[in-house]
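So the chains spell out like this:
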Amino acid sequence: MTFMPWSEEIAVGLSDVDEQHRWLVDCINQLHTEMSSPAPRHDAIAQVLDGLMDYTMNHFIMEEELFERHAYPDIVAHKAQHNKFTGTIMNALTDHEDGKNVSHDVLEFLKHWLIEHIMRTDKVYVPFMLERGVT
């Protein structure tokens with residue numbers, strides 16, 4: 001069974017955003033797969049965490065530029081949520097590089113945060129963006 005399956009329920013309806021969200025879901029699943037293996041490989045976990053960090057930051061930059069371009073009114077609160085997520089990934093990556101094991105609690109946090117963020121925060125800005133011609 002997939003740790004974090006993609007479903008249309010978490011799709012927001014903006015093609016670029018959904019494509020990036022799918023990549024993030026896939027990356028979290030890769031991290032889960034590696035961490036759940038009988039012999040997790042340190043370098044593989046580091047590679048997934050590094051890729052997750054890079055991609056997440058790029059995704060958040062894209063969203064935040066979209067917000068600025070269209071004067072989205074809730075940009076400050078949305079950015080604060082993005083910063084919390086990237087902070088958690090950065091802490092996990094730093095801990096991993098320092099030889100600590102990434103806990104499954106971190107994995108659960110990433111999964112639940114992403115789902116909650118998409119369902120409760122990202123979906124709120126979609127009507128605003130659609131009214132401005134963003135698809």
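Residues numbered from 1 in each chain as written. Predicted model: local features only at pLDDT ≥ 70, side-chain atom pairs only at ≥ 80, totals over all residues. Heavy atoms only, no water.

*Asks:* Looking at this model, I keep getting lost on the overall build of the protein. Mind explaining?
*Replies:* What the protein contains, in helices and strands, is four helices and zero strands. Secondary structure elements in the protein, listed N-terminal to C-terminal, are α-α-α-α. Here the C-alpha radius of gyration of the protein, 15 Å, is about what a compact globule of 135 residues would show, namely 14 Å. In terms of overall dimensions, the protein has C-alpha extents of about 50 × 30 × 20 Å along its principal axes. Here the protein, with 135 residues, has 44% of them falling under the buried criterion. Restricting to contacts in the protein with at least 6 residues of sequence separation, those with at least 24 account for 76%. Here the protein contributes 10 positive and 23 negative side-chain charges, whose respective centroids are spaced 4 Å apart. (Helix = DSSP H or I, 4+ residues; strand = E, 2+ residues; numbered from the N terminus. Rg over C-alpha atoms; globule rule 2.2 N^0.38 Å. Buried < 20%, exposed > 50% of the residue type's maximum accessible area, 1.4 Å probe, protein only. Contact = heavy atoms within 4.5 Å. Lys, Arg positive; Asp, Glu negative; His and termini not counted. Charge placed at Lys NZ, Arg CZ, Asp CG, Glu CD.)

*Asks:* Got a minute to help me understand helix α1 (residues 15–36) in this structure?
*Replies:* Each turn of an α-helix holds 3.6 residues, which means side chains three or four residues apart point in the same direction. The end-to-end C-alpha separation of α1 is 31 Å, in line with the 32 Å expected for 22 residues at 1.5 Å each. Among the residues making up α1, those that are buried are V17, D18, Q20, H21, L24, V25, C27, I28, N29, L31, E34 and M35. Against the buried residues of α1 lie α2 (42–69) and α4 (104–131). (Expected span 1.5 Å × (residues − 1).)

*Asks:* For this particular structure, what's the right way to read the nonpolar core?
*Replies:* Inside soluble globular proteins, nonpolar side chains tend to come together where they are buried. Judged by nonpolar contacts, the single largest core of 38 residues is most densely connected at L14, I28, L31, L110, L114, Y125 and M129. In contact with L114, other than residues within four places in its own chain, are M4, L24, V25 and I28. (Core = buried A, V, L, I, M, F, W, Y, C linked by side-chain atoms within 4.5 Å.)

*Asks:* Honestly, the pattern of salt bridges in this entry has me stumped. Any pointers?
*Replies:* Between side chains of opposite charge, pairing is possible as soon as their charged atoms come close. Tallying each qualifying case throughout the model produces six salt bridges. Where K79 meets E68, a salt bridge forms, and the shortest distance between an N and an O atom there is 3.2 Å. Taken as a pair, K79 in helix α3 (residues 75–97) and E68 in helix α2 lie far apart in primary sequence, eleven residues in all. The class for K79 is partly exposed, based on a relative accessible area of 28%. With a shortest N-O distance of 2.3 Å, E116 and R120 are connected by a salt bridge. One end of the pair is E116 and the other is R120, both in helix α4 and four residues apart, which spans about a single turn. (Salt bridge = Lys/Arg side-chain N within 4 Å of Asp/Glu carboxyl O.)

*Asks:* Would you mind going over α4 with me for this structure?
*Replies:* Here α4 contains 28 residues, and its C-alpha end-to-end distance of 40 Å stays within 8% of the 40 Å for a straight helix at 1.5 Å per residue. The largest bend along α4 reaches roughly 40° and is located at D122. (Bend = angle between axes of the 7 residues up to and from the residue.)

*Asks:* Explanation requested: unusual backbone geometry in the structure shown.
*Replies:* A positive phi angle, close to 55°, is found at A71, a residue other than glycine. The topology assignment puts A71 in the loop between α2 and α3. Given the relative accessible area of 58%, A71 is considered exposed.

*Asks:* I would appreciate a short explanation of a negative patch on the surface in the present structure.
*Replies:* Residues D50, D54, E97 and D98 make up a contiguous surface patch of negative charge. Residue placement: D50 occurs in helix α2. Taking the relative accessible area as the measure of exposure, D50 reaches 37% and is therefore partly exposed. (Patch = residues over 30% accessible without salt bridge, like charges linked within 9 Å, V, L, I, M, F, W, Y side chains within 5 Å. Areas by Shrake-Rupley, 256 points an atom, 1.4 Å probe, with all protein chains shown as cover.)

*Asks:* Looking at this structure, how should I read the packing of aromatic side chains?
*Replies:* Two measures describe an aromatic ring pair: the distance that separates the ring centres and the angle between the ring planes. Overall, the coordinates contain eight aromatic pairs when judged by the stated rule. Aromatic pair F60 and F85: ring centres 6.0 Å apart, planes at 70°, arrangement edge-to-face. In this pair, F60 sits in helix α2 while F85 sits in helix α3, placing the two residues 25 residues apart along the sequence. The exposure class assigned to F60 is buried, which follows from its relative accessible area of 5%. F85 sits in the buried class, given a relative accessible area of 0%. Judged by centre distance (4.2 Å) and plane angle (25°), the rings of F85 and W113 are stacked. Here F85 is found in helix α3, whereas its partner W113 is found in helix α4, with 28 residues between them in sequence. According to the relative accessible area criterion, W113 is buried, its value standing at 11%. A connected cluster of aromatic rings, assembled from ring pairs, spans F67, Y72, Y125 and F128. (Phe/Tyr/Trp six-rings, centres within 6.5 Å; stacked < 30°, edge-to-face > 60°.)

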